[in-house]
Amino acid sequence: MKKILVVCGNGLGSSFIVEMNVKSILNELGVQAEVSHTDLTTSKSEKADLYLGSKDLVESLDDGTRTVEGLTNILDNNELRIVLEKHLQ
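Values in this document were obtained by computation on a predicted structure and should not be read as measured data.

Turning our attention to the environment of Glu85. Within the secondary structure, Glu85 is located in helix 4 (residues 77-88). Under the relative-accessibility criterion, Glu85 is labelled partly exposed at 31%. Between the C-alpha atoms of Glu85 and Ile25, which are 60 residues apart in sequence, the distance is 9.5 Å.

On the secondary structure map, Thr72 appears in the loop between strand 4 (68-71) and helix 4. Owing to a relative accessible area of 63%, Thr72 belongs among the exposed residues under this scheme. Distance from Thr72 to Asp56, taken between C-alpha atoms, is 8.7 Å for residues 16 residues apart in sequence. Setting aside residues up to four positions removed in sequence, Thr72 forms contacts with Lys55 and Glu79.

Moving on: the sheet that holds strand 1 (residues 2-8). Ordered in space as 2-1-3-4, the four strands form an open sheet in which the pairing is parallel. Strands at the two margins of the open sheet, each flanked by one partner only, are strand 2 (33-39) and strand 4. Each strand of the sheet is rotated relative to its neighbour by a mean of 20 degrees, with strand direction disregarded. Relative to strand 4, strand 3 (residues 50-54) runs parallel, the two being bridged by four bridges. Each bridged residue has a counterpart across the sheet, and for Tyr51 the counterpart in strand 4 is Val68. Relative to strand 4, helix 4 is tilted by about 165 degrees, and along the sheet it contacts strand 1, strand 3 and strand 4.

A word on helix 4. End to end, helix 4 covers 16 Å across 12 residues, agreeing with the expected 16 Å (1.5 Å per residue, within 8%). For helix 4, the set of buried residues is Glu79, Leu80, Val83, Leu84 and Leu88. Projected down its long axis, helix 4 carries its buried residues within an arc of 140 degrees, all on one side. The outward face of helix 4, more than 90 degrees from its buried face, is lined by the exposed residues Asn78, Ile82 and Lys86. Buried residues belonging to helix 4 abut strand 1, helix 1 (13-29), strand 3 and strand 4. N-capping of helix 4 is provided by Asp76, with a side-chain oxygen placed 2.9 Å from the backbone N of Asn78.

Turning next to the side chain of Asp39. Structurally, Asp39 is set in strand 2. At 9.0 Å, Lys44 is the nearest oppositely charged side chain to Asp39, a buried residue that forms no salt bridge. At 2.7 Å, the side chain of Asp39 and the side chain of Thr42 are in polar contact. Apart from residues no more than four positions distant in its own chain, Asp39 is found in contact with Val7, Cys8, Gly9, Asn10 and Gly11.

Quick notes on the rules
- Residues numbered from 1 in each chain as written.
- Predicted model: local features only at pLDDT ≥ 70, side-chain atom pairs only at ≥ 80, totals over all residues.
- Heavy atoms only, no water.
- Helix = DSSP H or I, 4+ residues; strand = E, 2+ residues; numbered from the N terminus.
- Buried < 20%, exposed > 50% of the residue type's maximum accessible area, 1.4 Å probe, protein only.
- Contact = heavy atoms within 4.5 Å.
- Pairing = 2+ DSSP bridges.
- Axes fitted to C-alpha atoms, helices over the stretch in contact; angles between N-to-C directions.
- Expected span 1.5 Å × (residues − 1).
- Arc of directions from axis to C-beta.
- Polar contact = N/O pair within 3.5 Å; in protein donor to acceptor, adjacent residues only side chain to side chain.
- Lys, Arg positive; Asp, Glu negative; His and termini not counted.
- Salt bridge = Lys/Arg side-chain N within 4 Å of Asp/Glu carboxyl O.

Listed below in structure tokens is the structure:
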């Protein structure tokens, strides 16, 4: 099962909202994945198949070994769906 980690600055509000949106979209797509959220500092030591967050924030996670997708608008479910379809199907 794939693991998706949603990242924000503090690991509280915005990443939790995106996590809920990710779960909803995955359910619509019929895709199972483990989804959680965390802050940027903690995310650097966590393993995931896909790291999601705002572009300006998650770019610092891209070390050449991680699959990182920066979102232009973290509340845009259409953008989120496109990213998830790209990486999970």
